[in-house]
Amino acid sequence: MRRSARWALGILGELLSNAKPGRRYAGPPMTTNGGGRALVTGGTGGIGEEVCRGLAARGYDVLVGARDPAKGEAVAARLREEFPGAHKCAVCDLNEGDAALPRGVNLLVNNAGVMGAATDETMRVNLLAPARLTLGLRARNRKLRVVNVASSSHLRARACPVARMLDDRRRDKSLSAYAASKLGLLQFTAALRNNGVDARACHPGLVWTPMLKGFFPAPVRAVLPRRLFKTPAEGAATVLLACVDDEAGTYYMDSGDRPAAASPECSATGALVDELGALGLNIR
Ligand SMILES: NC(=O)c1ccc[n+]([C@@H]2O[C@H](COP(=O)([O-])OP(=O)(O)OC[C@H]3O[C@@H](n4cnc5c(N)ncnc54)[C@H](OP(=O)(O)O)[C@@H]3O)[C@@H](O)[C@H]2O)c1
C-alpha cells in the first residue's frame, strides 16, 4: 500500500474510533513513582498544558517550557494552585538557538511543535531544538527519560533531509516538512535507544488544539463535528502513559505501545545521525 494511503486510512480509523462513545483512553493510573523534575516544552496550551497538569498530579515538579514567559508563568501559577510542588516556568524559544538547560531534570517531554510554518522553522522547532535539549540534559543526567511527541503524519515521509530543510524558508503548505520532521524525531528516538537512553515516542491522536484548528479553513472548522477529535486532556493521556510506563515502549498510541503502527523508516537512523553529527549534535 502506498504510504499516503496508509496514513489516510489511519486518520480515518482514528476519526471513527474517536466517534465511538467510551473508546477514548483516560490515561495511566494516578499513582506516583517518586516523581522528580519534568520539563515539558510547549507547556502553554493544547496537549502540553494537559501533560503538565497530569505530571503535577502524579507528583512531579513541573517546569513549564514556554517561549512567552507570561503564558508560561500563568500555567505554572495554575499548577501551584491545583497541586503540591515547585512548578515554574522555563523560558525557551525553540526557534532561537540554544535553550538554557535547567538543573535536576529527570523527565523531558519534547512536546512543542509547529505545523504549516516555514520549512526551516519546522525543522528547528520539531527536531533540532528537541535534539539539542535532549543531548544537553542527558549529559547532565545519565538517567534522563525522554518522551518525544511525534505524529502519525510521519507515515507520509520517506526521509528527513535536515540540511535541505534548514535551507528552505518556504511555508510548508503541503505539511511535507512537518511529516519529515516527525519522522526525524522518531529516528532520533530510535538512535537514542540504540545508545542506551530511556527514550520513548508517542502519537497523541487527532486532538482539537490550536495547531489542528489552524489547519482547517474557518468554514470547514465551523461545521466539523468535535466528537471526531480528542480533547487536549485525552491527547495528553497517551503522552502521560509514555512518561510513566515502566515497560519503556517505543511508539505509544492511545492506551499502549504499538510499534507496528510506525513505519520501517523509523528505525533507519544512519542518515539522521550523520546529519545531526554534522551540526554538532552527537548522539553517541
Ligand atoms: N493536535 C494534534 O492533533 C496532534 C496530532 C499529532 C501530533 N501532535 C503533536 O503534539 C504536540 C503538541 O501540539 P498541540 O496540538 O498541543 O499544538 P498547540 O496547541 O499549537 O501547542 C503547541 C505548543 O508548542 C509551542 N511552541 C510553538 N513554537 C514554539 C517555539 N518556537 N518555542 C517554544 N515553544 C513553541 C506553543 O507555544 P505558544 O503557546 O507560545 O504558541 C504551544 O505551547 C506537537 O508536537 C504536535 O506536532 C498534535
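Check the entry above for the structure.
Scope of this entry: the structure provided in the associated data block.

What counts as what
- Residues numbered from 1 in each chain as written.
- Predicted model: local features only at pLDDT ≥ 70, side-chain atom pairs only at ≥ 80, totals over all residues.
- Core = buried A, V, L, I, M, F, W, Y, C linked by C-beta atoms within 7 Å.
- Buried ≥ 20, exposed ≤ 12 C-beta atoms within 10 Å, placed from the backbone.
- Helix = DSSP H or I, 4+ residues; strand = E, 2+ residues; numbered from the N terminus.
- Contact = placed C-beta atoms within 7 Å.
- Pairing = 2+ DSSP bridges.
- Right-handed = clockwise from strand over helix to strand, strands pointing away.
- Near = placed C-beta within 6 Å.
- Nonpolar A, V, L, I, M, F, W, Y, C, P; charged D, E, K, R; others polar.
- Axes fitted to C-alpha atoms, helices over the stretch in contact; angles between N-to-C directions.
- Expected span 1.5 Å × (residues − 1).
- Arc of directions from axis to C-beta.

Quick look at the nonpolar core
In globular proteins that are soluble, nonpolar side chains generally tend to be buried together. Membership of the largest hydrophobic core comes to 77 residues, with the highest contact counts inside it found for Val62, Val64, Val109, Cys202 and Val239. No other element matches the 11 residues that helix α6 (residues 176–194) contributes to this core. Beyond its immediate stretch of four places on either side in the chain, Val62 contacts Ala38, Val40, Cys52, Leu55, Ala56, Leu79, Gly85 and His87.

As for the pairing of strand β2 (residues 60–66)
Among the 7 residues of β2, 6 are classified as buried, and the element is accordingly described as predominantly covered. Of the pairings in the sheet, the one linking strand β1 (residues 36–40) to β2 comprises 5 bridges and is parallel in character. Its bridge partner lying in β2, Leu39 is registered against Leu63. For the segment spanning β1, helix α2 (residues 46–57) and β2, crossover handedness is right-handed. As defined by bridge partners, β2 adjoins strand β3 (residues 88–91) across 4 bridges and the pair is classed as parallel. Bridging across to β3, Gly65 finds its partner in Ala90.

Considering the site of the ligand
The environment of the ligand is formed by 30 residues, the closest being Gly42, Gly46, Gly113, Thr209 and Met211. Looking at the shell around the ligand, the elements with two or more residues in it are α2 and α7 (210–215). Classifying every residue of the shell around the ligand by side-chain character gives 14 nonpolar, 12 polar and 4 charged.

Structural notes on unusual backbone geometry
Backbone geometry follows two general trends: most residues other than glycine have a negative phi, and most peptide bonds adopt the trans configuration. Unlike most non-glycine residues, Leu175 shows phi in positive territory, near 65°. Of note, Leu175 is situated in the loop between α5 (162–166) and α6. The partly exposed category is assigned to Leu175, around which 17 C-beta atoms lie within 10 Å.

Observations regarding the sheet that holds strand β6 (residues 198–203)
Strands sit in the order β3-β2-β1-β4-β5-β6-β7-β8 across an open sheet of 8 strands; the sheet is mixed. Two strands bound the open sheet, and with one partner strand each, they are β3 and β8 (256–257). Strand direction decides the pairing type here: β1 and strand β4 (residues 107–110), joined by 3 bridges, are parallel. Looking across to β4, one finds that Ala38 is bridged to Leu107. Docked against the sheet, α2 engages β1, β2, β4 and β5 (145–149), running at close to 165° with respect to β2. Sheet contacts for helix α4 (residues 119–140): β4 and β5; angle to β4, the most-contacted strand, approximately 175°.

Structural notes on helix α3 (residues 69–82)
Across its 14 residues, α3 extends 20 Å between first and last C-alpha, which sits within 8% of the 20 Å expected from 1.5 Å per residue. Those residues of α3 that sit buried are Gly72, Val75, Ala76 and Leu79. End-on view of α3: buried residues confined to an arc of 100°, all on one side of the axis. For α3, the exposed residues set more than 90 degrees away from the buried face come down to Ala70 and Glu81. On the buried face of α3, the contacting elements are α2, β2 and β3.

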